[in-house]
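# Summary of structural features
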Amino acid sequence: LTARTEEQGARLTRGLSQAVSRRRQRLEDLSRALPRPVTLLEAPRQRLDRAGERLAQALGAVAQGKRLRLARAAAAIRAEAMAQQLRAARLRLQDRAGRLRPALLTTGVARQRERLGDTMRRFIAAARSGPARERQRLDGLDRIRLGLGYTETLKRGYAVVRGDGKVVSAVAPARAAVALEIEFADGRLPVGARPPAKGPASRRPKAAPGQGSLFPGEDP
């Protein structure tokens, strides 16, 4: 009985080991058929890059369209344009008054006078409210223009770095610039000028004690 029990125990152990081994081999075979995470993320990453490239062009096109609409709205509410519109409306009113005069002389004088008074009131109300509506529309377009500009971004704590009068967005052009200037929301801060680099072996001048480095990752 002891030998039989030991034999059955050994067979059971071998069977479990073989089952685990077969399942491990099956899992390895299935894992080889699965795509790698890098492959799964490659296509979405490319779409994101293309969308990021189109975003700047789209924002520029939107800003240009808003600028044109703002220019047209500003031209429409100028004093000369309003004066011309008022003169044209006055001429139309005089023409209608001339055509209405015979009818007023014959019949319905009171009714025609009332209609003419109502027309005059509507015309005066429209003449008074028109510039206000156009001004509100112009103010709304101006707020949109300010929202699309970079000055609002500066107010949130960002800054624009210029090297030799041009905007720089990386360390390499900042190192190559002779003079740097940092623009904040409340003004611009010139950093100073330094002699241009003479070659790969040239070194940037060290900053004054306590001044710190303008280039991240380097000791002053």
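Residues numbered from 1 in each chain as written. Predicted model: local features only at pLDDT ≥ 70, side-chain atom pairs only at ≥ 80, totals over all residues. Heavy atoms only, no water.

## With respect to the overall build of the protein chain
Looking only at helices and strands, one finds six helices and four strands in the protein chain. Mapped from its N terminus to its C terminus, the protein chain presents α and β elements in the order α-α-α-α-α-β-β-α-β-β. Burial statistics for the protein chain: of 220 residues in total, 10% are counted as buried. Looking at the protein chain alone, contacts between residues at least 24 apart form 32% of all its contacts between residues at least 6 apart. Surface exposure of the protein chain reaches about 18,100 Å², of which carbon and sulfur atoms provide 57%. (Helix = DSSP H or I, 4+ residues; strand = E, 2+ residues; numbered from the N terminus. Buried < 20%, exposed > 50% of the residue type's maximum accessible area, 1.4 Å probe, protein only. Contact = heavy atoms within 4.5 Å. Areas by Shrake-Rupley, 256 points an atom, 1.4 Å probe, with all protein chains shown as cover.)

## Description of the pattern of salt bridges
Tallied over the full model, the rule gives six salt bridges. Here D118 makes a salt bridge to R121, at a shortest N to O gap of 3.7 Å. Note that D118 and R121 are positioned in helix α4 (residues 109-148) at a spacing of three residues, about one turn of the helix. A single network of salt bridges, built from pairs that share partners, joins R162, E181, E183 and R188. (Salt bridge = Lys/Arg side-chain N within 4 Å of Asp/Glu carboxyl O.)

## Thoughts on the side chain of R162
By secondary structure assignment, the location of R162 is in strand β1 (residues 160-163). In terms of polar contacts, R162 uses its side chain to reach the side chain of E183, at 2.4 Å. Apart from residues no more than four positions distant in its own chain, R162 is found in contact with Y150, V167, V168, A179, L180, E181, E183 and R188. (Polar contact = N/O pair within 3.5 Å; in protein donor to acceptor, adjacent residues only side chain to side chain.)

## Side note on the side chain of E183
By the secondary structure assignment, E183 is in strand β3 (residues 179-184). Classification of E183 by relative accessible area gives buried; the value is 9%. With residues up to four places along the chain from it excluded, the contact list for E183 reads Y150, L154, A159, V160, R162 and R188.

## Side note on the environment of T151
Secondary-structure assignment places T151 in helix α5 (residues 151-155). Considering only alpha carbons, one finds T151 and A185, 34 residues apart in sequence, at a separation of 6.6 Å.

## Points about the pairing of β1
Taken together, the four bridges between β1 and β3 define a ladder with antiparallel strand orientation. Each residue of the ladder has a partner; that of G163, found in β3, is L180. Relative to strand β2 (residues 166-167), β1 is paired through two bridges, and the arrangement is antiparallel. Paired with R162 across the bridge in β2 is V167. (Pairing = 2+ DSSP bridges.)

## Description of the confidence of the model for the protein chain
In this model, the protein chain carries a mean pLDDT of 77, and residues with pLDDT of at least 70 account for 79%. Per-element confidence in the protein chain is highest for helix α1 (residues 2-33), whose mean pLDDT is 90, and lowest for α5, whose mean pLDDT is 72. Overall, residues 199-220 carries pLDDT values under 50, and its contacts beyond four positions in sequence, including any with other chains, amount to 19 contacts. (pLDDT = per-residue confidence, 0-100.)

## Remarks on a nonpolar patch on the surface
A cluster of nonpolar side chains, contributed by L86, F123 and I124, occupies part of the molecular surface with about 220 Å² of accessible area. Assessed through its relative accessible area of 36%, I124 is described here as partly exposed. (Patch = residues over 30% accessible without salt bridge, like charges linked within 9 Å, V, L, I, M, F, W, Y side chains within 5 Å.)

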